[in-house]
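Architecture and fold: a report
Chain residues, written in single-letter form:
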Amino acid sequence: MTRVFATVLRRDLRLAARRRSDALLPVAFFVVAVSLFPLGIGPEPQTLRQIAPGIVWVCALLAAMLSLGAMYSGDLVDGSLDQMLLSGPTPGQASLAVAAAKSLAHWLVTGLPLTILAPLLGVLFGVAPAPIVALTASLLLGTPILSLLGGLGAALTLGVRSGGVLLLLLVLPLCIPTLIFGAGAVVAIDSGLSARGHFSLLGALLILTMLLAPLATAAALRIATE
Amino acid sequence: MATTSHGDLDAGARASRTLTVDGLAGRRGERILFHDFDLFVAPGELVWLRAANGYGKTTLLRILAGLALPEAGTIRWSPASGPATVYLAHANALKDDLTVLESVRYQSTLHGLEASEAAIADAIRRFGLQSRRHAPIRTLSQGQRRRVALTRLCLSDPQSTWLLDEPWDALDAEGVALVSTLLDEHAARRGNALFTSHVPPAIDGLRTVQFDALPAPA
């Protein structure tokens with residue numbers, strides 16, 4: 001199990017490093033999308049400061065969805081997924097390790113860079129230091145949830161024609177609680193309130209998805225390869 | 001992972017597992033491809049599954065590998081646990097962006113073969129890919145890709161059961177001979193194998209199972 005997890009994770013990170021332009025696409029999208037808002041809404045600093053957390057969160061959510069389509073589809077077509085599922089004691093255990101490794105790799109390549117960039121974008125919007133810290137912390141807790149749910153969506157839509165749109169329709173509603181508590185934490189801090197409740201709920205969501213999403217993803221992978 | 005006790009001299013433990021298939025039925029989509037299929041494969045036996053296209057050879061191999069579930073029937077491996085099976089599909093399961101060496105190393109680690117660097121270099125040399133070992137898979141021909149996928153046969157547990165789907169596909173004469181030699185060596189070590197091929201393989205002591213002579217699907 002650990003061996004399969006580590007081997008798949010290392011391979012996915014190496015492949016991402018070989019295709020740097022593909023890996024950087026979601027990050028570039030994130031920066032461009034966020035910087036479009038001041039142009040559309042107008043340069044009023046007060047308004048921008050207020051809506052910045054929401055904008056950064058929504059754009060991070062959409063950017064994280066961009067690379068989901070390729071998460072399993074390539075490996076299904078070239079037979080790599082079959083070999084991964086056959087690498088453990090049973091396909092059930094191997095698929096669980098693969099699901100966990102793939103979601104972690106997706107987070108390391110997409111979610112983590114987004115989290116690191118977010119404070120910079122916050123500064124551009126003139127957000128105060130305390131809410132910026134809250135924004136980064138909420139993304140740090142929230143983006144892994146997006147990668148886990150995204151992995152589930154990607155596995156469920158494997159082999160489906162026009163799976164890309166279906167994937168978004170499946171995953172985006174599931175991400176709503178994360179978005180509400182993530183952006184809500186920053187708003188709370190900005191208005192001088194405590195964000196403990198928001199962070200607790202985000203943490204609880206993360207634990208819940210960590211426990212359940214890989215199991216469901218593994219089952220979906222087994223169905224897709226059968 | 002699976003530790004092999006090298007000191008074990010019991011002949012039974014140094015051979016492939018016995019495979020008994022009873023009344024197996026396989027389905028693809030809505031269609032039953034075969035049913036009431038019985039097969040017994042002893043250690044050291046090489047079985048050529050022969051059938052026209054579309055009779056479910058690939059489905060059968062996927063069921064035996066554990067990737068798909070049979071519609072009916074039972075599959076028994078004796079002993080129940082032992083060396084894992086090696087399933088090589090029609091698709092090579094290679095990534096364009098990895099080099100030959102990286103791909104072979106990845107295959108070996110993924111399947112817990114714990115092959116040494118020397119063994120990996122040896123497998124690559126045997127398949128004539130020595131000069132291309134740092135080349136990305138993207139730059140290889142179909143036949144060379146097949147060779148990279150087949151290196152796993154050199155690295156696998158000698159007593160594993162091989163399930164090979166068209167192993168000779170895209171290979172040149174020299175490659176065909178090499179795979180046949182590997183199968184011979186495998187049988188000599190009391191390993192067994194089941195494979196499909198559209199061209200009669202040049203291997204002695206081969207058992208042929210005519211797959212499309214089964215009762216016609218109901």
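Scoring rules and cut-offs
- Residues numbered from 1 in each chain as written.
- Chains lettered and ligands numbered in written order.
- Predicted model: local features only at pLDDT ≥ 70, side-chain atom pairs only at ≥ 80, totals over all residues.
- Helix = DSSP H or I, 4+ residues; strand = E, 2+ residues; numbered from the N terminus.
- Rg over C-alpha atoms; globule rule 2.2 N^0.38 Å.
- Buried ≥ 20, exposed ≤ 12 C-beta atoms within 10 Å, placed from the backbone.
- Axes fitted to C-alpha atoms, helices over the stretch in contact; angles between N-to-C directions.
- Left-handed = near helix turned anticlockwise from the far one by under 90°.
- Contact = placed C-beta atoms within 7 Å.
- Nonpolar A, V, L, I, M, F, W, Y, C, P; charged D, E, K, R; others polar.
- Parallel < 35°, antiparallel > 145°, perpendicular 65-115°, else oblique.
- Pairing = 2+ DSSP bridges.
- Core = buried A, V, L, I, M, F, W, Y, C linked by C-beta atoms within 7 Å.
- Domains from an automatic or database assignment.

Before going further, it helps to examine the overall build of chain A. When its secondary structure is counted, chain A shows 9 helices and 0 strands. Across chain A, helices and strands are ordered from the amino to the carboxyl terminus as α-α-α-α-α-α-α-α-α. A compact globule built from 226 residues would reach a C-alpha radius of gyration of about 17 Å, and chain A, at 18 Å, matches this within 12%. Along the first, second and third principal axes, the C-alpha atoms of chain A reach 55 × 35 × 30 Å. Burial analysis of chain A (226 residues in total) assigns 48% to the buried set.

What follows is about the packing of helix 6 (residues 91–124) of chain A against helix 9 (residues 196–225) of chain A. All names here are of chain A. One way to put it is that helix 6 packs onto helix 9 with a least axis distance of 8 Å and a crossing angle of 120°. For the pair helix 6 and helix 9, the crossing hand works out as right-handed. The segment helix 6 lies against helix 9, with Pro91, Gly92, Ser95, Leu96, Val98, Ala99, Ala100 and Ser103 engaging Pro214, Leu215, Thr217, Ala218, Leu221 and Arg222. Per-class residue counts for the contact of helix 6 with helix 9 are 9 nonpolar, 4 polar and 1 charged.

Another aspect to go through is the interface of chain B and chain A. Contact residues are listed per partner, giving 19 residues for chain B and 19 residues for chain A. Per-element tally for the side of chain B that touches chain A: the top contributor is helix 2 (residues 100–110) of chain B, with 3 residues. Of the residues assigned to the side of chain B that touches chain A, the class counts are 12 nonpolar, 5 polar and 2 charged.

This part covers unusual backbone geometry. All names here are of chain B. Cis geometry is adopted by the peptide bond preceding proline 79, which originates at serine 78 and carries an omega value of -5°. Positive phi, close to 50°, is recorded for aspartate 36, a residue that is not glycine. For aspartate 36, the location among the structural elements is in strand 2 (residues 31–41). We note that arginine 190 has phi near 65°; this positive angle belongs to a residue other than glycine. Residue position: arginine 190 is located in the loop between helix 5 (173–188) and strand 7 (193–196).

Attention shifts here to the packing of helix 7 (residues 129–156) of chain A against helix 8 (residues 163–190) of chain A. Residue and element names in this part refer to chain A. Running from N to C, helix 7 and helix 8 point in directions that differ by 170°, and their axes come no closer than 9 Å. Taken together, the axis directions place helix 7 and helix 8 in an arrangement best described as roughly antiparallel. Grouping the amino acids of the contact of helix 7 with helix 8 by side-chain chemistry returns 18 nonpolar, 6 polar and 1 charged.

A few words now on the sheet that holds strand 7 of chain B. Residues and elements named next belong to chain B. If you trace the 5 strands from one edge of the open sheet to the other, you get 5-6-7-3-8, paired in parallel fashion. The sheet terminates laterally at strand 5 (86–88) and strand 8 (206–210), the two strands that pair on one side only. Pairwise comparison of adjacent strand axes, ignoring direction, gives a mean angle of 15° for this sheet. Relative to strand 7, strand 6 (residues 162–165) is paired through 4 bridges, and the arrangement is parallel. Paired with leucine 164 across the bridge in strand 7 is phenylalanine 195.

What follows is about the pairing of strand 2 of chain B. Residue and element names in this part refer to chain B. In this sheet, strand 2 lies alongside strand 1 (residues 18–28) in antiparallel orientation, the contact comprising 7 bridges. Pairing of leucine 19 across the sheet is with valine 41, part of strand 2. Remark: 2 residues form the turn of the hairpin made by strand 1 and strand 2, two consecutive strands paired antiparallel; glycine 29 in that turn has positive phi of roughly 65°.

The next subject is the nonpolar core. Taken as a class, soluble globular proteins show a tendency for nonpolar side chains to be buried jointly. One finds Val56, Ala60, Val98, Ala155 and Leu221 of chain A together with Leu163 of chain B to be the most contacted residues of the largest nonpolar core, which totals 121 residues. When residues of this core are assigned to their parent elements, the largest contribution, 14 residues, is made by helix 6 of chain A. Beyond its immediate chain neighbours, meaning those up to four positions away, valine 56 of chain A contacts Val34, Ala118, Leu121, Gly122 and Leu135 of chain A.

As a further point, take the domain arrangement of chain B. All names here are of chain B. According to the domain assignment, chain B contains domain 1 (17–84 + 159–209) and domain 2 (91–156). On a C-alpha basis, the centres of domain 1 and domain 2 stand 22 Å from each other. In this assembly, 11 residues from domain 1 lie in contact with 8 residues from domain 2. The biggest single contributor to the side of domain 1 that touches domain 2 is helix 5, with 4 residues. Across the side of domain 1 that touches domain 2, the residue classes tally to 7 nonpolar, 2 polar and 2 charged.

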